[in-house]
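# Observations on chain architecture
If you want the building blocks of each chain, they are given just below.
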Amino acid sequence: MTPEEFRRLRDNRTQSCERIDDYQSASVAIIAGKCAETEDGQMMIITASSLFARFCHKIDVLVPDAICLLRPYGKGKQLHEVIRKEVLSADPWAELGLGEQLQSNHTYVLQIGGTVTGNLIPDFSIDSNGWVACASQGAVNFNCNHSISNLVGAAQAAIIGVTDGFKVATSQPGKARVSRAHFSTFYCRLLDDTHDEAPALATGMPISLGNLFVVGAGAVGSNILHFLKFFPISDTSVTVIDHDTVDYSNLNRCLAFGYNDVGISKSAATATMLSDCGVSATAFTGRFDQYMECHKLDADIIVPVANEYQVRWAIQNNLPPLMLQASTGRAWTVNVGRHIPVRDFCLSCSFPEVSDAHMACGSGTISDSPDKEADAALPFVSPWAAILVVAELAKLQFAGYPFSKSRLSVETYGPLHTVEHFQGQKLQSCICAGMSEALFHKIRGKTRFADLSFSPTSVGHH
Ligand SMILES: [Zn+2]
């Protein structure tokens, strides 16, 4: 295979999505200084490098080397070694300048974690402050504090940065870009400054989820599992259900998958990835209905992110426990839904206009919108959806959950002024209308997060 063949196979989803020109020849620089020694900084650098490598192959990562602090890479690894591994896994033919500039005349320069001295002028700056992702055009120092790391905010910041880089590389108009934004992944809203009042997700604080089912290890699901592996997951058993295998066209947006994963089972690849990071994980290679033929739905949380509508409907028919999900709607849109049984709208309420006869297409997701531009295959949209689900999983550890309304819609095309955050509506005709507190208690009352269903003021369980 030649690099051109590889990129043609990988990028056909991106190119079918938008009127997009020759972005693959864009060259990108990532610059960072002292923050490369922090967990947050490393999360931003590695996430941005890996995500950029999924649509452009000329990348200079001009950051100091340091000991890598992030869990998945094990002890004693160097940051540069990890960046090289991630970039070349995404694109084995990438032209990577690591610590030294290989390219000239960069299309885009992304500054991470505050002012970097040097001769490159940043087009855009990102940083993270706890749960808050900070982003701005130009060279901006947000003065963020990384003494307590929060990899959710850091990953979100990196995704916003790469999203902006994609817009520049594809010559989107200025109004499509973020000028300045501070987004709290805890409260799911935009802030006036870089600080929110959210409790700290202390470094090393275990995230305990019980039996977590991820139904669908496609674009959103695999990225959820990818981001989860960075956290100290304890007292958790993950079950990944997916019938599909990794394809070249998945590599444009699935951070969990690399060139060497093509052809293998998505559920096996992601479960192995988690196991390698010390997380108990089991793969089921098959469809959800096939799983249900031979298993009980022994889940504390379900993350239903399979493409096909029938799967969502089948899950809802099994009277599930707490569910957290995200989907990519029209090409640039991210939708996140939280479904606390009894209290919230359900999965079927949330996809009402799609009939159960509707077949899923290729690798896309069923859109919330009637216009069927459902192949939301832009590189950054699925990771964006995924990190917001991971934010919910992390937030579950805090008393007082939930801290936001049940639906969130983010339009990533534009200045990020339109984060819609609202309560999902129950449909009277939906199967969830028959779910009472008493019935839920009988069926799912012993699940880890069942308390959430019983009273609007119910607080955490730890
Ligand atoms: Zn419903």
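Glancing now at helix α2 (residues 39-52). Between its first and last C-alpha atoms α2 spans 20 Å; for 14 residues at 1.5 Å apiece the expected length is 20 Å, and the two agree. Within α2, 14 of the 14 residues are buried, leaving the element largely enclosed by the surrounding structure.

Turning to its location among the elements, Gly113 is positioned in the loop between β4 (108-112) and β5 (124-129). Gly113 gets classed as buried once you count the C-beta atoms within 10 Å, which come to 30. C-alpha separation for the pair Gly113 and His80, spaced 33 residues apart in sequence, amounts to 17 Å. With residues near it in sequence (within four places) discarded, Gly113 still touches Ala32, Gly33, Cys35, Gly41, Met44 and Asp127.

To continue, consider the packing of helix α4 (residues 151-169) against helix α10 (residues 381-395). At their nearest, the axes of α4 and α10 sit 10 Å apart, and the two run at 165 degrees to each other. It follows that α4 is roughly antiparallel to α10 by the angle criterion. The interaxial crossing formed by α4 with α10 has left-handed handedness. Residues Val152, Ala155, Gln156 and Ile159 of α4 touch α10, and the partners they reach there are Pro383, Trp384, Ile387, Val390, Ala391 and Ala394. Here the residues of the contact of α4 with α10 are counted per class, giving nine nonpolar, one polar and no charged.

Our next topic: the domain arrangement of the chain. Partitioning the chain into domains gives domain 1 (21-190) and domain 2 (207-453). Using C-alpha coordinates to define each centre, domain 1 is positioned 26 Å away from domain 2. Each side of the interface is counted separately: domain 1 has 32 residues, and domain 2 has 33 residues. At the level of secondary structure, the elements contributing two or more residues to the side of domain 1 that touches domain 2 comprise α2, α3 (79-90), α4, β7 (180-184) and β8 (189-190). Element by element, the count of residues in the side of domain 1 that touches domain 2 is highest for α4, at eight residues. Considering only residue class, the side of domain 1 that touches domain 2 consists of 21 nonpolar, six polar and five charged.

Analysis parameters
Residues numbered from 1 in each chain as written. Predicted model: local features only at pLDDT ≥ 70, side-chain atom pairs only at ≥ 80, totals over all residues. Helix = DSSP H or I, 4+ residues; strand = E, 2+ residues; numbered from the N terminus. Expected span 1.5 Å × (residues − 1). Buried ≥ 20, exposed ≤ 12 C-beta atoms within 10 Å, placed from the backbone. Contact = placed C-beta atoms within 7 Å. Axes fitted to C-alpha atoms, helices over the stretch in contact; angles between N-to-C directions. Parallel < 35°, antiparallel > 145°, perpendicular 65-115°, else oblique. Left-handed = near helix turned anticlockwise from the far one by under 90°. Nonpolar A, V, L, I, M, F, W, Y, C, P; charged D, E, K, R; others polar. Domains from an automatic or database assignment.

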